[in-house]
Amino acid sequence: MRALSLVLAAGVASAGPAQAEGLEALGFRPQVTEAQREMTIELRAVSRPENPLPDGHPALGDGAIAEVWLTEPTERYGHAVLGDGIEAGGLLVRLSDGGSLSLSLPENQVFEDLQPRLVDLDGDGRQEILVVRSSQGSGGLLTAYGVVDGTLRLVAKGPERLTTYRWLNPVGVADFDGDGVLEVAYVETPHIGGVLRILSLQGDALVQEAEAYGFSNHFIGSRALGLSAILDADEDGLPEILLPDAGRRALRVMGFVEGDLRERAVLQLDEQIVGDFRLEDMDGNGLDGVAIPLSGGRELRLFR
């Protein structure tokens, strides 16, 4: 098997004692191997609706919302960044009590996404639906929908920074800075000098708390949206964000240190990151590591 070299580099976004010297300082043991051919997945039986997005996947909840589907496939936006020109024009929510709710977007908007995300952003015990919405006039926008008085409504949205055919890809949700409030992370324009943005819910708006430059968690035409992971690697109570640099030839680890978003570590690679990150206990020690697909049929495994 051809050897693949790894070059560890210290973070460059901060100085002083908070700066990590490498992935090992965060508790990782990196190794590049042949890609795993088998994996364990959990299946849950679902019934597809009549008009789902052909390549979409539902969000599955365990509260009042049982399932969320992207529906009403349409070619009216024409960006095709996710592999084809078909996007979703609506949402379908199936409730745990057997009822359902639906929403259709105006003709100038689509959901430019493949899977909604369910999360209780405001801590009221009811989950909101996070999904990327795009429009002819303002490009990609992070939106949150919720069930309000028996109807499906837009309850919050992020900053409207982008223009037509400019897109963003969510990373995930966690309390990144330890203030007791969930934040949402996404990469804006991951194909052209992506910006990592961290936002929190304030009223009916998702407001930016921090940003950092030079990331890409997607490449044009790919249906893999999960080129990132969230994990409290050093077990300090603050989760880190693992995601590729702008060229996808380095893994960057970002986290909050003393209230600031900083680069904790960087791992340079000989091959590009090409697929969804997987969190799993790879050596049976009870700690989740991260498996990261690389070009050439290999994968980077970060053991803990």
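A brief structural summary. (Residues numbered from 1 in each chain as written. Predicted model: local features only at pLDDT ≥ 70, side-chain atom pairs only at ≥ 80, totals over all residues. Heavy atoms only, no water.)

The next thing to look at is the layout of surface pockets. Which parts of space are left empty comes out when a probe the size of a water molecule is rolled across the atoms. Empty space within the largest pocket amounts to approximately 1000 Å³. Together, 33 residues line the largest pocket, and Gln115, Val171, Gly226, Asp276 and Phe277 are the ones closest to its centre. Counting only elements with at least two residues in the lining of the largest pocket, the list comes to β3 (59-60), β8 (117-119), β12 (168-174), β13 (183-188), β16 (229-231) and β20 (278-280). In terms of residues, the lining of the largest pocket owes the most to one element, β12, which gives four residues. Looking at side-chain class alone, the lining of the largest pocket contains 22 nonpolar, six polar and five charged residues. (1 Å grid on protein atoms, 1.4 Å probe; cavity = no way out; pocket = protein on both sides within 12 Å on 5 of 7 lines; lining within 4 Å. Points joined across faces, edges and corners; volume = space filled by probe spheres on them. Helix = DSSP H or I, 4+ residues; strand = E, 2+ residues; numbered from the N terminus. Nonpolar A, V, L, I, M, F, W, Y, C, P; charged D, E, K, R; others polar.)

Burial of strand β10 (residues 139-148) is extensive: eight of the ten residues sit out of reach of the surface. Of the pairings in the sheet, the one linking strand β9 (residues 128-135) to β10 comprises seven bridges and is antiparallel in character. The partner of valine 131 across the bridge, within β10, is threonine 143. Connecting the antiparallel pair β9 and β10 is a turn made up of three residues. Where β10 lies against strand β11 (residues 151-157), six bridges are found, and the strand directions are antiparallel. (Buried < 20%, exposed > 50% of the residue type's maximum accessible area, 1.4 Å probe, protein only. Pairing = 2+ DSSP bridges.)

Another point: the pattern of salt bridges. Between side chains of opposite charge, a pair can form when the charged atoms approach closely. Counting across every chain of the model gives 22 salt bridges. With its nearest N and O atoms 3.8 Å apart, the salt bridge here joins arginine 262 to aspartate 260. Overall, arginine 262 belongs to the buried group, its relative accessible area being 13%. Since its relative accessible area comes to 41%, aspartate 260 is described here as partly exposed. Residue glutamate 299 pairs with arginine 278 through a salt bridge whose shortest N-O separation is 3.4 Å. Linking glutamate 299 in strand β22 (residues 298-303) with arginine 278 in strand β20, this pair joins segments that are 21 residues apart in sequence. Residue glutamate 299 shares its accessibility class with arginine 278, and that shared class is buried. The network of salt bridges with common partners includes Arg161, Glu188, Arg197 and Glu211. (Salt bridge = Lys/Arg side-chain N within 4 Å of Asp/Glu carboxyl O.)

Right, let's talk about the nonpolar core for a bit. Val68, Leu91, Phe111, Ile129, Tyr145 and Leu152 are the most contacted members of the largest nonpolar core, which has 35 residues in total. Those elements that place two or more of their residues in this core are β4 (65-74), β5 (87-95), β6 (100-104), β8, β9, β10, β11 and β13. If you tally residues by element for this core, the top one is β9, at four residues. Leaving out residues up to four positions away in the same chain, tyrosine 145 has contacts with Leu91, Leu103, Leu105, Phe111, Glu128, Ile129, Val131, Arg133, Leu152, Arg153, Leu154 and Val155. (Core = buried A, V, L, I, M, F, W, Y, C linked by side-chain atoms within 4.5 Å. Contact = heavy atoms within 4.5 Å.)

This part takes up the sheet that holds strand β21 (residues 289-294). Strands in a sheet are paired, the pairing made by backbone hydrogen bonds, and the direction either parallel or antiparallel. Pairing is antiparallel in the open sheet, where four strands are placed in the order β2-β22-β21-β20. Of all strands in the sheet, those with a lone pairing partner are β2 (29-34) and β20, marking the two edges. Direction aside, neighbouring strands of the sheet carry axes that sit 25 degrees apart on average. Where β2 lies against β22, six bridges are found, and the strand directions are antiparallel. For proline 30, the partnering residue across the bridge sits in β22 and is leucine 302. (Axes fitted to C-alpha atoms, helices over the stretch in contact; angles between N-to-C directions.)

What follows covers the packing of aromatic side chains. In this structure the tally under the stated criterion is two aromatic pairs. Relative to tyrosine 165, the ring of tyrosine 77 has its centre 5.1 Å away and its plane inclined at 70 degrees; by these criteria the two rings are edge-to-face. Of this pair, tyrosine 77 sits in the loop between β4 and β5 while tyrosine 165 sits in the loop between β11 and β12, placing them 88 residues apart in sequence. For tyrosine 77, a relative accessible area of 3% corresponds to the buried category. Overall, tyrosine 165 belongs to the partly exposed group, its relative accessible area being 35%. Seen in terms of ring centroids, phenylalanine 111 and tyrosine 145 are 5.7 Å apart; in terms of plane orientation they differ by 80 degrees. Their pairing is edge-to-face. Taken together, the positions of phenylalanine 111 in strand β7 (residues 109-111) and tyrosine 145 in strand β10 put the pair 34 residues apart, joining distant regions of the chain. By the burial criterion, phenylalanine 111 is buried, and tyrosine 145 matches it. (Phe/Tyr/Trp six-rings, centres within 6.5 Å; stacked < 30°, edge-to-face > 60°.)

Keep in mind these numbers describe shape, not what the thing actually does.
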